[in-house]
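# Fold and geometry: a report
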Amino acid sequence: MQRMLDAAAALLDEVGYEATTTSQIAARAGVSVGSLYQFFPDRRAVLQALATRSFERFSAQLDARLAERPPQRWQDAVDAVVDVYVAFSRSEPAAQVLSFGGPVDRHMLDPDDDNNAVVARVLSTLVPAGLDPLVLRVAVEAADGVLDLAFRLHPDGDPAVVEQAKRLVCAYLSEHLHR
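Residues numbered from 1 in each chain as written. Predicted model: local features only at pLDDT ≥ 70, side-chain atom pairs only at ≥ 80, totals over all residues. Heavy atoms only, no water.

## Digging into the pattern of salt bridges
A complete count under the given rule lists 12 salt bridges for this structure. For arginine 28, the salt bridge goes to glutamate 14, with nearest N and O atoms at 2.6 Å. Of this pair, arginine 28 sits in helix H2 (residues 22-29) while glutamate 14 sits in helix H1 (residues 2-15), and the two are 14 residues apart along the sequence. Residue classification places arginine 28 among the partly exposed residues on the basis of a relative accessible area of 40%. Members of the salt-bridge network, linked through shared partners, are Arg65, Asp83 and Lys166. (Salt bridge = Lys/Arg side-chain N within 4 Å of Asp/Glu carboxyl O. Helix = DSSP H or I, 4+ residues; strand = E, 2+ residues; numbered from the N terminus. Buried < 20%, exposed > 50% of the residue type's maximum accessible area, 1.4 Å probe, protein only.)

## Some points on the side chain of asparagine 116
The topology assignment puts asparagine 116 in helix H7 (residues 115-123). Contacts of asparagine 116, omitting those with residues within four sequence positions, involve Arg106, Arg137, Val140, Glu141 and Asp144. (Contact = heavy atoms within 4.5 Å.)

## Thoughts on the nonpolar core
If you look at the biggest cluster of nonpolar residues, it comprises 56 residues, and the most contacted ones within it are Phe40, Leu50, Phe58 and Leu173. Among the secondary structure elements, those contributing two or more residues to this core are H1, H2, helix H4 (43-68), helix H5 (74-91), helix H6 (95-98), H7, helix H8 (133-153) and helix H9 (159-177). Counting residues per element, this core draws most heavily on H4, at 10 residues. If we skip the residues at most four places from it in the chain, phenylalanine 40 touches Met1, Met4, Leu5, Ala45, Val46 and Ala49. (Core = buried A, V, L, I, M, F, W, Y, C linked by side-chain atoms within 4.5 Å.)

## Notes on the environment of serine 91
Residue placement: serine 91 occurs in helix H5. Each C-alpha atom of the pair serine 91 and valine 31 lies 26 Å from the other, and the pair is 60 residues apart in sequence. A polar contact of 3.1 Å, which involves the side chain of serine 91, links it to the backbone oxygen of alanine 87. (Polar contact = N/O pair within 3.5 Å; in protein donor to acceptor, adjacent residues only side chain to side chain.)

## Focus: the packing of aromatic side chains
Aromatic ring pairs are reported here in terms of the distance separating the ring centres and the angle at which the planes meet. Within the structure shown, the criterion is met by 4 aromatic pairs. These aromatic residues form a ring-pair network of at least three members: Phe55, Phe58, Tyr85 and Phe88. Across from the ring centre of tyrosine 17, 4.2 Å away, lies the NZ or CZ of arginine 43, which sits over that ring. (Phe/Tyr/Trp six-rings, centres within 6.5 Å; stacked < 30°, edge-to-face > 60°. Lys NZ or Arg CZ within 6 Å of the ring centre and 35° of its normal.)

## Some details on unusual backbone geometry
Even without a glycine there, the phi angle at alanine 94 is positive, about 70°. Among the structural elements, alanine 94 can be located in the loop between H5 and H6. Residue alanine 94 is classed as buried on the basis of its relative accessible area, which comes to 2%.

Now the structure itself:
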């Protein structure tokens, strides 16, 4: 199964979302299409599993970073999340194409909720208690949009735009935390 997900990730990076097919995924993984269909009913299911795997890997990297250098302030947590996301997007196959499913399908991480809502729930433990969940959700949406711009401008994420994403999120959250 992991070989199939690895193959799907490689194909997404090479030929893009629209051109990636289950036949190509199976061939790249060295399995028959029938074997692929034993694990995944269709292409969407493969990509959903890949998005979930990527999100789990991102979360593990973020947890490791926070354990290694616990943030002293919530602003440090914002910096850490953005830094880990940028590094992850540079190194994780298909991360820039799939982005936890965002551009492909807004419900890949949870069929009942939007991908960025899932991300916001996970990140809610990093901000001060009592922050309105809608405020954090808007911050995640804003960061997602600005970081998308960073990667459209430069394959490794334009550093100036990444810095602006951090500033934007910190300014927005600060306004709501100091009311």
